[in-house]
Amino acid sequence: MKYEISIESLPEKVYLAIRGYMSWREITPDEYAAWESKYGFPKKELTEQLKIKSGTNEVYSLFCNSCVKDEEFDWVCGDDLACENLNNAKAGDGFEIIRLAPSDYCKIIYFYKNDITGEQAAKEADDYFWNEWLKNNPYTSKIEGGFSNDPETADITLCDEDSKKIIAWHPIERT
């Protein structure tokens with residue numbers, strides 16, 4: 001089996017984050033300046049500082065912590081780089097605090113081979129959750145439908161390029 005799947009309950013977590021956003025449609029080169037002006041791009045050069053300030057080397061992606069309908073860019077959703085805030089660092093200097101409420105999660109571990117990138121593997125694991133697992137199990141995702149934009153909720157992804165492993169936590173509620 002490609003995937004190891006379990007249901008896991010996580011307590012409240014506090015992250016130090018570099019905010020980022022993505023659009024549900026591709027941004028064209030002609031729209032690049034408008035996107036940068038409105039939403040910017042995550043300052044990935046701050047990643048090493050993020051690790052130091054937070055007190056951990058594990059950098060997660062937090063997806064859909066906030067989403068807005070934008071007339072120009074369709075749905076725009078949070079896509080943040082984050083570390084668990086073990087040092088209780090303060091926001092500022094390009095960093096924000098994100099709190100995720102306690103929740104049940106579908107935890108998917110996906111081991112991939114050298115023929116794909118970590119980004120491609122994360123997309124495969126994400127597609128599996130949305131297109132197969134969620135449809136065949138008695139759960140609802142807590143980042144869509146009536147749960148959309150609930151505060152303190154996000155998909156969490158850890159990409160471990162060295163071990164060729166993706167770990168994704170999708171917040172869920174039993175239906």
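Let me sum up the structure you'll find in this document. (Residues numbered from 1 in each chain as written. Predicted model: local features only at pLDDT ≥ 70, side-chain atom pairs only at ≥ 80, totals over all residues. Heavy atoms only, no water.)

Okay, the pattern of salt bridges next. Here the structure, examined in full by the defined rule, presents ten salt bridges. Close ionic contact of Lys-13 with Glu-84 constitutes a salt bridge, the shortest N to O distance being 3.5 Å. One end of the pair, Lys-13, is in strand 2 (residues 13-18); the other, Glu-84, is in strand 5 (residues 74-84), and 71 residues separate them in sequence. Here Lys-51 ties to Glu-48 by a salt bridge, and the two come within 3.2 Å at their closest N and O atoms. Separated by three residues within a single helix, Lys-51 and Glu-48 lie in helix 2 (residues 47-54), roughly one turn from each other. Owing to a relative accessible area of 49%, Glu-48 belongs among the partly exposed residues under this scheme. (Salt bridge = Lys/Arg side-chain N within 4 Å of Asp/Glu carboxyl O. Helix = DSSP H or I, 4+ residues; strand = E, 2+ residues; numbered from the N terminus. Buried < 20%, exposed > 50% of the residue type's maximum accessible area, 1.4 Å probe, protein only.)

Another point: helix 2. Looking at helix 2, one finds that the buried residues are Thr-47, Leu-50, Lys-51 and Ser-54. The buried residues of helix 2 occupy one face: seen down the axis, they fall within an arc of 100°. Of the surrounding secondary structure, the elements contacted by the buried residues of helix 2 are strand 2 and strand 5. Positioned one or two residues after helix 2, Gly-55 has a phi angle of 90°, which is positive. (Arc of directions from axis to C-beta. Contact = heavy atoms within 4.5 Å.)

Turning to the packing of aromatic side chains, a few remarks are in order. In total, this model carries 14 aromatic pairs according to the counting rule given. Taking the centre distance of 5.7 Å and the plane angle of 50° together, the rings of Tyr-21 and Tyr-39 count as tilted. With Tyr-21 in strand 3 (residues 21-23) and Tyr-39 in the loop between helix 1 (32-38) and helix 2, this pair connects stretches of sequence that are 18 residues apart. Judged by its relative accessible area of 18%, Tyr-39 is buried. With a centroid separation of 5.7 Å and 15° between ring planes, the pair formed by Phe-129 and Trp-133 is classed as stacked. Here Phe-129 pairs with Trp-133, and both are found in helix 3 (residues 118-133), just four residues apart, close to one helical turn. An identical accessibility class is assigned to Phe-129 and Trp-133; each is buried. Members of the aromatic cluster, connected to one another through ring pairs, are Tyr-3, Tyr-110, Tyr-112 and Tyr-128. (Phe/Tyr/Trp six-rings, centres within 6.5 Å; stacked < 30°, edge-to-face > 60°.)

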